[in-house]
Amino acid sequence: MRIAVSCVQGAFAEHEKMLRNLGAEVVELRKKEDLDQSFDGIILPGGESTVQGKLLQDLKMLEPLKEKIRKGLPVLATCAGLILLAEHISNDDHVYFATLPVTVRRNAYGRQAESFYTEGSFGPYEKIPMEFIRAPYVERVSDDVEVLSVTDGNITGVRYKNQIAVSFHPELCCDTRLHEMFLGLCSS
Ligand code: GLN
């Protein structure tokens, strides 16, 4: 299986390592021509959503990727990636892919608790390690969005059709279940 990883900025190397450990081939997306390769799914990593959004736009990758996601390409988005997918960002005027019918709040945990670690259930799985780093959370979801995780009363993981998006960083730990779930979606 070939999985593309957006490599314009952020924590992409950790996702790549996780994918290779699970036997997937990695396609790095750094420029528009990289989109000509074939791939079965895409990962949008954490980092800085404003920087990633601007770079994807400037590199002319935003629209073609949005089209692929709209047409059903499986996507796993983590942290800044969730912000890029969201249809609405409550504390930002921008939207980017806007393919995921949710409202997110950037840097939602504020300065006091901007980074923390916890474990929680995620869909069918128990005790998933969850590393939050200046994370967003989901404030509102449309009816057809499945909520996969709730942390301290806030939605931190969702699925909508071909899109899985989480507030936290599943790639920073040794637990591979979330990536396996995603690869399952890519092979179905
Ligand atoms: N705070 C970042 C943003 O708004 C997201 C942080 C992350 O991806 N760890 O883009």
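Above this text you will find the structure in question.
Let us look at the structure shown here. (Residues numbered from 1 in each chain as written. Predicted model: local features only at pLDDT ≥ 70, side-chain atom pairs only at ≥ 80, totals over all residues. Heavy atoms only, no water.)

1. A word on the side chain of His15
Relative to the helices and strands, His15 resides in helix α1 (residues 12-21). Residue class for His15 comes out buried when judged on its relative accessible area of 0%. Of note is the side chain of His15, whose polar atom sits 3.2 Å from the side chain of Thr78. Leaving out residues up to four positions away in the same chain, His15 has contacts with Ile43, Pro45, Thr78, Glu171 and His179. (Helix = DSSP H or I, 4+ residues; strand = E, 2+ residues; numbered from the N terminus. Buried < 20%, exposed > 50% of the residue type's maximum accessible area, 1.4 Å probe, protein only. Polar contact = N/O pair within 3.5 Å; in protein donor to acceptor, adjacent residues only side chain to side chain. Contact = heavy atoms within 4.5 Å.)

2. Some remarks on the nonpolar core
Leu29, Leu85 and Phe97 are the most contacted members of the largest nonpolar core, which totals 33 residues. Elements with a minimum of two residues in this core: β2 (25-29), β3 (41-44), α3 (62-70), β4 (75-78), α4 (80-85), β5 (86-89), β6 (100-105) and β11 (154-160). For this core, the element with the highest residue contribution is α4, accounting for four residues. The residues touching Phe97, leaving out its near neighbours within four places in the chain, are Leu44, Leu56, Leu62, Leu65, Lys66, Ile69, Leu84 and Leu85. Counting 28 residues, the second-largest nonpolar core is a separate cluster that includes Ala108, Val166, Met181 and Leu183. (Core = buried A, V, L, I, M, F, W, Y, C linked by side-chain atoms within 4.5 Å.)

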